[in-house]
Amino acid sequence: DQQVKQNSPSLSVQEGRISILNCDYTNSMFDYFLWYKKYPAEGPTFLISISSIKDKNEDGRFTVFLNKSAKHLSLHIVPSQPGDSAVYFCAASGLGSARQLTFGSGTQLTVLP
Amino acid sequence: DGGITQSPKYLFRKEGQNVTLSCEQNLNHDAMYWYRQDPGQGLRLIYYSQIVNDFQKGDIAEGYSVSREKKESFPLTVTSAQKNPTAFYLCASSISSAALGETQYFGPGTRLLVL
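All of these numbers come straight from a predicted model, not from anything done at the bench.

Digging into the overall build of chain B
- The secondary structure content of chain B amounts to 0 helices and 11 strands.
- Taking 115 residues into account, the globule formula puts the C-alpha radius of gyration at 13 Å, and chain B, at 13 Å, falls close to it.
- In terms of its C-alpha atoms, chain B occupies a principal-axis envelope of roughly 40 × 30 × 30 Å.
- Residue burial in chain B is summarised as follows: out of 115 residues, 50% are buried.
- For chain B, the share of sequence-separated contacts (at least 6 apart) that also reach a separation of at least 24 residues comes to 54%.
- Accessible surface, chain B: about 5400 Å² in total, of which carbon and sulfur atoms supply 49%.
- For chain B, the distance from the average position of its 11 positive side-chain charges to the average position of its 11 negative side-chain charges is 8 Å.

Focus on the nonpolar core
- Of all hydrophobic cores here, the largest spans 23 residues; its most connected members are Phe-33, Trp-35, Leu-73, Leu-75 and Tyr-88 of chain A.
- Within the residue set of this core, elements represented by two or more residues are strand 3 (19-25), strand 4 (30-38), strand 5 (45-51), strand 7 (62-67), strand 8 (72-77), strand 9 (86-94) and strand 11 (107-112) of chain A.
- With 4 residues, strand 9 of chain A is the single largest residue contributor to this core.
- When residues no more than four places from it in sequence are discounted, the contact partners of Leu-75 of chain A are Ser-19, Ile-20, Leu-21, Trp-35, Leu-47, Ile-48, Phe-62, Thr-63 and Tyr-88 of chain A.
- Ranked by size, the runner-up nonpolar core spans 20 residues in total, among them Cys-23, Ile-46, Phe-74 and Leu-76 of chain B.

Some details on the packing of aromatic side chains
- One pass over the full model with this rule turns up 12 aromatic pairs over all chains.
- Residues Tyr-25 of chain A and Phe-33 of chain A carry aromatic rings whose centres are separated by 4.7 Å and whose planes lie at 40° to one another, so their mutual orientation is tilted.
- Aromatic pair Phe-46 of chain A and Tyr-105 of chain B: ring centres 6.5 Å apart, planes at 70°, arrangement edge-to-face. With Phe-46 of chain A in strand 5 and Tyr-105 of chain B in strand 10 (residues 105-106), the pair connects residues from two separate chains.
- In textbook terms, an aromatic cluster arises when at least three aromatic residues are bridged by ring pairs, as seen for Tyr-36, Phe-46 and Phe-103 of chain A together with Tyr-33, Tyr-35, Tyr-105 and Phe-106 of chain B.

Let's talk about the state of the cysteines
- Taken as a whole, this structure holds 2 disulfides over all chains when the rule is applied.
- Disulfide partner of Cys-23 of chain A: Cys-90 of chain A, at an S-S distance of 1.8 Å. Between Cys-23 of chain A and Cys-90 of chain A the sulfur-sulfur dihedral comes to about 50°; the bridge is accordingly right-handed. Linking Cys-23 of chain A in strand 3 with Cys-90 of chain A in strand 9, this pair joins segments that are 67 residues apart in sequence. Accessibility assignment for this pair places Cys-23 of chain A and Cys-90 of chain A in one class, buried.
- At a sulfur-sulfur separation of 1.9 Å, the disulfide partner of Cys-23 of chain B is Cys-91 of chain B. Handedness here is read from the sign of the S-S torsion; for Cys-23 of chain B and Cys-91 of chain B, about -75°, the answer is left-handed. Of this pair, Cys-23 of chain B sits in strand 3 (residues 19-25) while Cys-91 of chain B sits in strand 9 (residues 87-94), and the two are 68 residues apart along the sequence.

Describing the confidence of the model for chain B
- Per-residue pLDDT for chain B has a mean of 90; in total, 94% of the residues score no lower than 70.
- Of all the helices and strands in chain B, strand 2 (residues 10-13) of chain B carries the lowest mean pLDDT, 90, while strand 7 (residues 64-66) of chain B carries the highest, 97.

Some thoughts on the sheet that holds strand 8 (residues 76-78) of chain B
Residues and elements named next belong to chain B.
- Strand order across the open sheet formed by 4 strands is 1-3-8-7, with antiparallel pairing between neighbours. Each edge of the sheet is formed by a strand with only one pairing partner; in this case those strands are strand 1 (4-7) and strand 7. In this sheet, neighbouring strand axes are inclined to one another by 20° on average, regardless of whether the strands run parallel or antiparallel.
- As paired elements, strand 7 and strand 8 share 3 bridges and run antiparallel to each other. Bridge pairing links Ser-65 to Thr-77 in strand 8.

Looking at the environment of Ala-41 of chain A
- For Ala-41 of chain A, the position within the fold is in the loop between strand 4 and strand 5.
- Contact partners of Ala-41 of chain A, with chain neighbours within four places excluded, come to Lys-9, Phe-88 and Pro-108 of chain B.

With respect to the pattern of salt bridges
- A complete count under the given rule lists 5 salt bridges over all chains for this structure.
- In this structure, Arg-61 of chain A engages Asp-84 of chain A in a salt bridge whose closest nitrogen and oxygen atoms are separated by 2.8 Å. In this pair, Arg-61 of chain A sits in the loop between strand 6 (56-59) and strand 7 while Asp-84 of chain A sits in the loop between strand 8 and strand 9, placing the two residues 23 residues apart along the sequence.
- By relative accessible area, which is 2% here, Asp-84 of chain A ends up buried.
- Through salt bridges with shared partners, a single ionic network connects Arg-36, Asp-38 and Arg-44 of chain B.

Rules behind the numbers
- Residues numbered from 1 in each chain as written.
- Chains lettered and ligands numbered in written order.
- Predicted model: local features only at pLDDT ≥ 70, side-chain atom pairs only at ≥ 80, totals over all residues.
- Heavy atoms only, no water.
- Helix = DSSP H or I, 4+ residues; strand = E, 2+ residues; numbered from the N terminus.
- Rg over C-alpha atoms; globule rule 2.2 N^0.38 Å.
- Buried < 20%, exposed > 50% of the residue type's maximum accessible area, 1.4 Å probe, protein only.
- Contact = heavy atoms within 4.5 Å.
- Areas by Shrake-Rupley, 256 points an atom, 1.4 Å probe, with all protein chains shown as cover.
- Lys, Arg positive; Asp, Glu negative; His and termini not counted.
- Charge placed at Lys NZ, Arg CZ, Asp CG, Glu CD.
- Core = buried A, V, L, I, M, F, W, Y, C linked by side-chain atoms within 4.5 Å.
- Phe/Tyr/Trp six-rings, centres within 6.5 Å; stacked < 30°, edge-to-face > 60°.
- Disulfide = S-S within 2.5 Å.
- pLDDT = per-residue confidence, 0-100.
- Pairing = 2+ DSSP bridges.
- Axes fitted to C-alpha atoms, helices over the stretch in contact; angles between N-to-C directions.
- Salt bridge = Lys/Arg side-chain N within 4 Å of Asp/Glu carboxyl O.

So this is what it looks like as structure tokens:
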């Protein structure tokens, strides 16, 4: 039973445009959400996070939005650059049995020059 | 220059052989983790350790073993009992053991292949 779902395995975007990566979760105990970026044959690198007390967190070109009622979060990258091409994982954690980080299956973003 | 190192980058295992993957961190982090990534899938937790001389099973611990004798080191042994060991193995660490879900920092990974 996947508690964190990334339903789009891939996304292609033109350079300079906005990339929107989506993530849905089912466990209402989750209260902390993270996005990681991963290049082939490398470990994931932490990108941005958001706590459930917020609905938006911004860091440069990256913004994460959280909609708790819909159990949905999204990562916006504006403007997209070719170097952003990577696999993006969302992850979630919370209280009790949800303490461990649970990862989605990832979305491959390709930014076309 | 702090970080997490994993070695080797590539590892080959023969049938019936145990192999050990190394993970070292100089970030002074209390908690360390081992994940496995298979193509098209997310990261699945194998084992984690919140403190020296203590570790807990994750979601897919069968066929694996770990030790945590030093704060800096968390080696993973893939035993012959692991029937499908071919995967990309990732080690991670986080600052404290207070919150397992806090931000984790990853090493570069080890690709394990079965001959």
